[in-house]
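Structural overview for review
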Amino acid sequence: MQIKSIKRVTRAHKHHAFSDLCEFEGSLYCCFRVASNHVSDDGVINVLTLTDNGQITYKQRISLPSSDLRDPKLSITPSGELMLLAYSRRTRSSNSVGVLGEHSPVIWVSQNGLSWSSPRNVGNKHWWLWRLRWHNQNAYGLAYNRSANAVHFYGGNPKRSFHRDKTNAFSLQTHDKGYPNESDMCFAEDGTAYVVLRRDSDTYSAQFGISKSPYTHWHWIDLGFYLGGPNMLKLDEHNALLAGRIIYKGKFVTAILNLELKSAKITLLVVLPSSGDNSYPGMVKRKDTVFVSYYSSHQDQQAHIYLAQIAL
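First, a word on scope: everything that follows refers to the structure included in this document.

Definitions and cut-offs
Here, residues in each chain are numbered from 1, in the same order as that chain's written sequence. This being a predicted model, a pLDDT of at least 70 is required before a residue's local features are given, and a value of 80 or more before pairs of side-chain atoms are given or counted; all residues contribute to the totals for chains, interfaces and linings. Computation of side-chain values covers all heavy atoms of the structure but excludes hydrogens and water. The pairing criterion is simple: DSSP has to find at least two bridges between the two strands. Secondary structure elements are taken from DSSP: a helix is a run of H or I of four residues or more, a strand is a run of E of two residues or more, and numbering for both begins at the N terminus. Every axis in this analysis is a line fitted to C-alpha atoms, fitted for helices over the stretch in contact. Angles between the N-to-C directions lie between 0 and 180 degrees. Only protein chains enter the calculation, and the probe is 1.4 Å; a residue is then buried if its accessible area is under 20% of its type maximum, exposed if over 50%, and partly exposed in between. Here a polar contact is recorded for every N or O atom pair within 3.5 Å, except that within protein the pair must consist of a potential hydrogen donor and a potential acceptor, and residues adjacent in sequence are included only if both atoms are side-chain atoms. Here, two residues are considered to be in contact whenever any of their heavy atoms come within 4.5 Å of each other. As used throughout, the charge tally considers Lys and Arg to be positive and Asp and Glu to be negative, leaving His and the chain termini uncounted. Whenever Lys or Arg places a side-chain nitrogen within 4 Å of a carboxyl oxygen from Asp or Glu, that contact is recorded as a salt bridge.

Let's shift gears to the sheet that holds strand β22 (residues 266–271). Across the sheet, which stays open at both edges, the 4 strands sit in the order β19-β20-β21-β22 with antiparallel pairing between neighbours. A strand with exactly one partner marks an edge of an open sheet, and here the two such strands are β19 (228–234) and β22. Pairwise comparison of adjacent strand axes, ignoring direction, gives a mean angle of 30° for this sheet. With 5 bridges connecting them, strand β21 (residues 251–260) and β22 associate as antiparallel partners. Within the sheet, the bridge partner assigned to Asn-258 lies in β22 and is Thr-267.

Attention now goes to the pairing of strand β15 (residues 180–187). Consecutive residues of a regular strand have side chains that alternate between opposite faces of the sheet. A large share of β15 lies buried, amounting to 8 of its 8 residues. Bridge analysis of β15 against strand β16 (residues 193–199) gives 6 bridges, and the strand direction is antiparallel. Bridge assignment links Met-185 to a residue of β16, and that residue is Val-195. Following β15, the chain reverses through 5 residues before pairing antiparallel with β16; Gly-191 in that reversal takes a positive phi of roughly 95°.

Quick look at the side chain of Gln-207 now. Its place among the elements puts Gln-207 in strand β17 (residues 207–211). The buried category is assigned to Gln-207, whose relative accessible area is 2%. In terms of polar contacts, Gln-207 uses its side chain to reach the backbone carbonyl oxygen of Ser-205, at 3.1 Å. A distance of 3.1 Å separates a polar atom in the side chain of Gln-207 from a polar atom in the side chain of Asp-222. Setting aside chain neighbours within four positions, we find Gln-207 in contact with Phe-170, Lys-177, Val-195, Val-196, Leu-197, Arg-199, Trp-220, Ile-221, Asp-222 and Leu-223.

A few words on the pairing of strand β5 (residues 56–62). Two elements, strand β4 (residues 44–50) and β5, share 6 bridges in a ladder whose sense is antiparallel. Paired with Ile-45 across the two strands is Ile-62, which belongs to β5.

Turning to the side chain of Lys-73, a few remarks are in order. With respect to the element layout, Lys-73 can be found in strand β6 (residues 67–76). Despite its burial, Lys-73 remains without a salt bridge, the nearest opposite charge being carried by Asp-71 at 4.5 Å. Within polar-contact distance, the side chain of Lys-73 engages the backbone oxygen of Asp-71 at 3.4 Å. Excluding residues that lie within four positions of it along the chain, Lys-73 makes contacts with Asp-20, Cys-31, Met-83, Leu-84, Leu-85, Trp-130 and Arg-131.

Set out below in structure tokens:
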């Protein structure tokens, strides 16, 4: 792979981080959190419509009262809608039952990319649904809970019925490896699910999971290295691009790797300009070019969003 261009997308003196990228109706859509810092309580979501060279053509801001919105992700539903997922961390306690966005995953839907539906809770309270991936009319995702040291596997239609298919798909209790959390997945044509799972305990080594429908039995392979903010882009039935934060020459950087789906073999392809607080990439492939959104603080010691074009 070769880097063709990199464009810094954000400018304001804020913490811009946790990006994702998708293509919707011919345009690139990039979402990310904007806040005072990495762990502050004032997170809101920006959704940008971008040209291929990173110029902003439309900007939207999404927020919830008394909530810190974190780690937004974009996906396209089978009916052609744009769906936004985020985790809402309530910053003011409430005694009400079923309060919107109270330590829960939340979704919004847009039919045109310009306006959004009302927010809707999805999944379970206190279980952080990291990302949604679609296959055969259904969305799937892994949700984690730090105190439980576990991830559950969910499936269904987030707008209607979204349920837990597998409790403890990976956990400290069942696999003797701690703190599984962020994840991404892709699907083979026969429905086989491939998952890359971050861990932040003991050896900190990422895991590679494989399961066939109905995704109740999982086989896990230890990848042997740390990976933060994983993002997968399936290239064909044998290979996927894997992006995220790795340790390279003793430093945290954002990199793109090749993952052989049958053997779990990993090959480093390219390291993006990055350092300090960085990672959480999103990827879109057009012909022989991969667009990558990510954040990094290698310029001015401030976290900003970048859009890279990379030739396959």
